[in-house]
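Here is what each chain is made of, one letter per residue.
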Amino acid sequence: MQGLYLVTPDWDDTAALLARTEAALGAGVALLQYRHKTAGPELRRGQATALLALCRRHGVPFIVNDHVELALELDADGVHVGGTDISVAQARDSVGPGKIVGASCYGDLQLAVDAERAGASYVAFGGFYPSRVKRYAVTTPPSIVDDARAAVRVPCVVIGGMTPENAAPLVARGAHMVAAISSVYGAPDVAAAAVAFGQLFGRR
């Protein structure tokens, strides 16, 4: 796992979501996470099904945020859980050993250690910078990336207000993936934005 971890915005316009997602996938994405906090069950299932098809076409793993039952129903590649969702251990038990389980660890290294022990495939830290999507205290220090590399063996994801420019120091410290929403989906050229993130990892 290395590169751009693309996370979807809370868009009800499925056609626009699919068009911009496909443009990014074609330019290089390591993982795609479907995250729509306000979608109803029908919209959520429809969008996730269509996004999964795009990911299969481009050979990109597809992760569902929060909704383990939906991930199982679609045979998605994994799930991502946060602090208010089911535990990492419960998610791992639900999806089995062959799927990806991601864990939000905010700015807490101990959460990452515990998540790895419980079966997490990767750990995500942040936010590092102010976000246009989420509201949180920007308190995660860049040094946590160094600490995580020493404390856990699973890949480390950095999140929160990421752009290619401000993510570069975190990648230099050893972050394996950079999670982004607005800086890709809101970019004038989605493909160019995805490429710019990929270049942080030596991809052209």
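These remarks concern the structure in this document.

**Observations concerning the packing of aromatic side chains**
No. 1: In this structure the tally under the stated criterion is two aromatic pairs.
No. 2: Relative to Y122, the ring of Y5 has its centre 5.5 Å away and its plane inclined at 85 degrees; by these criteria the two rings are edge-to-face. On the criterion of sequence distance, the pair formed by Y5 in strand β1 (residues 3-7) and Y122 in strand β6 (residues 122-125) is long-range, its members being 117 residues apart.
No. 3: Assessed through its relative accessible area of 1%, Y5 is described here as buried.
No. 4: Between W11 and Y185, the aromatic rings sit 5.6 Å apart at their centres with planes inclined by 75 degrees, giving edge-to-face as the arrangement. Of the two residues, W11 is situated in the loop between β1 and α1 (14-27) and Y185 in helix α8 (residues 182-185); the sequence distance between them amounts to 174 residues.

**Some thoughts on the nonpolar core**
No. 1: Of all hydrophobic cores here, the largest spans 72 residues; its most connected members are Y5, F62, F125 and V184.
No. 2: By residue number, the principal contributor to this core is helix α2 (residues 41-58), which donates five residues.
No. 3: Look past the residues within four positions of Y5 in its chain and what remains in contact with it is L31, L32, Q33, I63, H80, Y122, V157, M177, V178, A179 and A180.

Scoring rules and cut-offs
- Residues numbered from 1 in each chain as written.
- Predicted model: local features only at pLDDT ≥ 70, side-chain atom pairs only at ≥ 80, totals over all residues.
- Heavy atoms only, no water.
- Phe/Tyr/Trp six-rings, centres within 6.5 Å; stacked < 30°, edge-to-face > 60°.
- Helix = DSSP H or I, 4+ residues; strand = E, 2+ residues; numbered from the N terminus.
- Buried < 20%, exposed > 50% of the residue type's maximum accessible area, 1.4 Å probe, protein only.
- Core = buried A, V, L, I, M, F, W, Y, C linked by side-chain atoms within 4.5 Å.
- Contact = heavy atoms within 4.5 Å.

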